[in-house]
Number of protein chains: 2
Amino acid sequence: MSDILPEFVEFAHLLADAAGDVIRPLFRTNVAVDVKPDESPVTIADRRAEQVMREMIMKRYPDHGIWGEEEGKYQADAKYCWVLDPVDGTKSFIAGMATFGTLISLVRLGIPVLGVIDQPIQKERWIGGAHLPSTLNANPVRVRSCPKLSLATLSTTSPHLFSAEDKVKFEHVQKKVRYTVYGYDCYAYAQLASGAIDAVIETDLKPHDFCALRPVIESAGGIITDWQGRPLTFVSDGRVVAAGDKKTHEEILITLS
Amino acid sequence: MSDILPEFVEFAHLLADAAGDVIRPLFRTNVAVDVKPDESPVTIADRRAEQVMREMIMKRYPDHGIWGEEEGKYQADAKYCWVLDPVDGTKSFIAGMATFGTLISLVRLGIPVLGVIDQPIQKERWIGGAHLPSTLNANPVRVRSCPKLSLATLSTTSPHLFSAEDKVKFEHVQKKVRYTVYGYDCYAYAQLASGAIDAVIETDLKPHDFCALRPVIESAGGIITDWQGRPLTFVSDGRVVAAGDKKTHEEILITLS
């Protein structure tokens, strides 16, 4: 996969810079919160940051597609499509927690090949992709080994994400691990890439939630799939298992099934 | 309550500085994790930070008491007792999340009169006490109003903290609020004092978990009590309800009962 041109990497940084410049001054300012049809919250931080990125993409790469959380699809069946989540973890953003993230992914023919997880308040940026080892602020990051699920630190954003049936399956895993930490949205996957967390299990993620995660985690040596062990693509069902160690991942898939 | 001498405030800052200097270099270094008799994790960050603070207190105020999470009580029935939690949120610390905190409280005749919530990585320090308006890095903070529980953002660290009976009660509240965010430990109470979160409900907190919270929240205009509405003291049962708005607090107490 030699298609991650250096200019795409550079442009992804510019997008993250621009989104951060919009979001940073709005953090902890009691911005108004609107409720979307799916009952999730949205603020001007989400909306403005996505608008700025969309305008930049349309200007620089008019033949590329865009799929953003807030404004949806624009020629998303193009060879290259930028998948954007301006504020992943809007509830954390609203609650003043600097653990939300801006997610930017370049998807080539349906496969995420470049990912950025940017935390604009703590000024932490993870980036990774095909032939691009994952880094945090330009320093290489790497998952850690975890030979057994019983030694793992597991993360999930909220116990309310799961359907009743999935929750039972999740709890089978949760009872086997060493520690479970809640909250954190995309920030948990970033910590997994950095070798601080061993596994993340979630459901109901959309392409804008997970496309950026896959390149960062895979290029840090980790694995992220759906609950059946299949790679994450545009058509995945939103059930996600990420792990730093292949053994942890296998044990989780078996326990979930 | 004129007993919060400026020198105690200054000394509390010195304690937090010293703890931060110990903790900062150990963050995200894959420190070894020991498991305590109560199955909670502990690292050298917790232990060394508490030791440093204990030595400082014994040297400066030899007649004061100390009650630390890791090393327990030392003449804790003295008129003044320093209550310390070097790393509140050890699981978050281990998982690389800069949302743990160092908690320092000065308790006078059993009542917390000075509190510090310090986040040494993000370099955020909340302090508040009797006749000392709460501040974040020297800037005044204030809770926000929330006239109805249905408009509230609620936080709790983990759904696993609750007993089966308490969990049912918590879920009664949880179903009434606008949003629930998980994780964050003491950091959620700090955000409540800053007006970003409306309520926190937890159980099983020890004096070293909650003594520092009370002065910070009360001096920011908020309220923190046990589940019966009684003030938090050394003999509280560990069930805690904090709210920025008295109306939210009342509605929660009624819903929990």
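Residues numbered from 1 in each chain as written. Chains lettered and ligands numbered in written order. Predicted model: local features only at pLDDT ≥ 70, side-chain atom pairs only at ≥ 80, totals over all residues. Heavy atoms only, no water.

Asker: Even after reading the chapter, I still don't get the pairing of strand β6 (residues 101–108) of chain A, so can you show me in this structure?
Answerer: It is a general feature of regular strands that their side chains alternate between the two faces of the sheet. All names here are of chain A. Where burial is concerned, most of β6 is hidden: eight out of the eight residues are buried. Covered by surrounding structure in β6 are G101, L103, S105 and V107 together with T102, I104, L106 and R108, the residues of both alternating faces. Where strand β5 (residues 80–88) meets β6, seven bridges bridge the pair, whose relative direction is antiparallel. What sits directly across from D88, in β6, is G101. As judged from the seven bridges shared by β6 and strand β7 (residues 111–119), these two strands associate in the antiparallel manner. Along β7, the bridge assignment pairs L103 with I117. Between β6 and β7, which pair antiparallel one after the other, the connecting turn spans two residues, and L109 there sits at a positive phi close to 50°. (Buried < 20%, exposed > 50% of the residue type's maximum accessible area, 1.4 Å probe, protein only. Helix = DSSP H or I, 4+ residues; strand = E, 2+ residues; numbered from the N terminus. Pairing = 2+ DSSP bridges.)

Asker: What is the right way to look at helix α4 (residues 164–174) of chain A in this model?
Answerer: An α-helix turns once per 3.6 residues; consequently, residues spaced three or four apart project the same way. All names here are of chain A. Here α4 has its buried residues at D166, F170, V173 and Q174. Buried residues of α4, seen end-on, are gathered within an arc of 95° and therefore sit on one face of the element. In α4, the exposed positions that point more than 90 degrees away from the buried face belong to A164 and E165. Taken together, the buried residues of α4 touch β11 (153–156), β12 (179–182), β13 (199–202) and α8 (246–256). (Arc of directions from axis to C-beta. Contact = heavy atoms within 4.5 Å.)

Asker: Any chance you could explain the relation of the copies chain A and chain B here in plain terms?
Answerer: Note on the chain copies: they are related by a rotation about an axis and a translation along it. Superposing chain A onto chain B requires a rotation of 180° together with a translation of 0.0 Å along the rotation axis, leaving an RMSD of 0.0 Å. Taken together, the turn and the small shift mark the pair as related by a two-fold rotation axis. A high fraction, 100%, of the interface residues of chain A reappear at the interface in chain B, so the copies pair face to face through one surface. (Least-squares fit on C-alpha atoms with pLDDT ≥ 70 in both.)

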